[in-house]
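These are the residues of each chain, in order.
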Amino acid sequence: MKSETLAALREARASGTPAVRCVRLGDGAEALLVGEIVSGDLAVDAVLLAAAASALRSDRGSLAETAAGPVFVEPFNPPLRLIIVGAVHITQGLAPMAQMAGYQVTVVDPRHAFASAERFPGVALSNDWPDEALDALKPDARTAVVTLTHDPKLDDPALDRALRSPAFYIAALGSRKTHAARLQRLAALGHDAAALARIHGPAGLPLGAATPAEIAVSVLAEMTQALRRPKDAQ
Amino acid sequence: MPQDTDQILDTAAAWRAEGKRVALATVVATWGSSPRQVGSQLVVDADGRMEGSVSGGCIEGAVVREAMEVMQGGPPRTLEFGVSNERAWEVGLACGGTVKVFVEAVA
């Protein structure tokens, strides 16, 4: 790896930009793809571009066979993040489960009695109002946002901000009836049908979850599907 | 992507900044059961300092020897380690896995 490649790669990581490095095993020729920008001494053809896109999507490196020999295609995705609005009982299960699955978790709840270190050991907490918290956290395409408070005062501002972000998964807890009312309120804030369709509501895969921990499993499962198989998650 | 990626990259950059020769080893393929996933990395410097891993521990010695040659100007190389089920546990490749490790200089 050339020093300039290393520097560019670290810069991409620091700015939260996805990058892919392609290196030919035979001679060490390499290319770095950061967004649309390609640098390095390895020619990047359609085969490698497709392999790079696939590597970012699956978050796994792989060997691509080219006419000039095998090329290792390695994705450098920004870390996965989960923002949970509502420091409720379900959150006490979802936060540690998501951490085990590799997410950096932040729990947002302006109610200090809910979002306390005693209830959420080892989890980042924010007592800001949800819209301010999301403005500060800046959800990206590797971020999931889940609202669990049942309270429109808290959930709506978070969903409003999430819909203005490229978050890969947006979900809201609540019955179908409350979800319909929620969509009407968000439409009044200027979100069109396509935007509103991004919200998974009620949150979670229909597993028949009965307890807070089981609901957490269903949300984490749906989040995983949205990440790994986005076509199936819609 | 393994979670220690940033630590490896930062370490490689820091050792280069100290003026050390540095090599990077990356798991590029695995077959069967392997303790470290594709993309796992080990960074080595000329003093033998290392950070990260490409296996459960026992192929690191061989990888570091190759890394020393590579950082002295040798060509990049791809090493393959495979072991029988009987020997697997001893050499740190649980369940008889095979790993392919690419070793290159950071220069």
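Above this text is the structure in question.
The structure presented is a predicted model; accordingly, all values stated were derived computationally and were not measured.

This part covers the overall build of chain B. Each helix and strand counted, chain B has three helices and five strands in total. When the helices and strands of chain B are listed from N to C terminus, the series reads α-β-β-β-α-β-α-β. Of all 107 residues assigned to chain B, the portion counted as buried reaches 48%. Looking at chain B alone, contacts between residues at least 24 apart form 52% of all its contacts between residues at least 6 apart. Surface accessibility of chain B: about 4700 Å² in total, with carbon and sulfur atoms responsible for 48%.

We now examine the interface of chain B and chain A. Interfaces are often sized by the amount of accessible area the parts lose when they come together. With 25 residues of chain B in contact, the opposing surface of chain A contributes 22 residues. Together chain B and chain A conceal approximately 1800 Å² of surface at their shared face, both sides included; 57% is due to carbon and sulfur atoms. Run the count over chain B and chain A and you get three salt bridges. Across the pair R21(A) and E104(B) runs a salt bridge, and its minimum N-O distance is 2.5 Å. At the boundary of chain B with chain A, the tally comes to seven residue pairs in polar contact (both at pLDDT 80 or more). Residue assignment for the side of chain B that touches chain A shows that the elements contributing at least two residues are helix 1 (5-17), strand 1 (22-31) and strand 5 (98-106) of chain B.

Another aspect to go through is the sheet that holds strand 4 (residues 62-66) of chain A. Residues and elements named next belong to chain A. Pairing is antiparallel in the open sheet, where five strands are placed in the order 3-2-1-5-4. Each edge of the open sheet is held by one strand with a lone partner, namely strand 3 (37-40) and strand 4. Direction aside, the axes of adjacent strands within the sheet are offset by 20° on average. Of the strand pairs in this sheet, strand 1 (residues 19-24) and strand 2 (residues 30-34) are connected by five bridges, and their pairing is antiparallel. Bridging across to strand 2, V23 finds its partner in E30. Running over the sheet, helix 1 (residues 3-14) touches strand 1, strand 2 and strand 5 (69-76) and is turned about 20° from strand 2.

Reading the values: the criteria
- Residues numbered from 1 in each chain as written.
- Chains lettered and ligands numbered in written order.
- Predicted model: local features only at pLDDT ≥ 70, side-chain atom pairs only at ≥ 80, totals over all residues.
- Heavy atoms only, no water.
- Helix = DSSP H or I, 4+ residues; strand = E, 2+ residues; numbered from the N terminus.
- Buried < 20%, exposed > 50% of the residue type's maximum accessible area, 1.4 Å probe, protein only.
- Contact = heavy atoms within 4.5 Å.
- Areas by Shrake-Rupley, 256 points an atom, 1.4 Å probe, with all protein chains shown as cover.
- Buried area = accessible area lost by both parts, 1.4 Å probe.
- Salt bridge = Lys/Arg side-chain N within 4 Å of Asp/Glu carboxyl O.
- Polar contact = N/O pair within 3.5 Å; in protein donor to acceptor, adjacent residues only side chain to side chain.
- Pairing = 2+ DSSP bridges.
- Axes fitted to C-alpha atoms, helices over the stretch in contact; angles between N-to-C directions.

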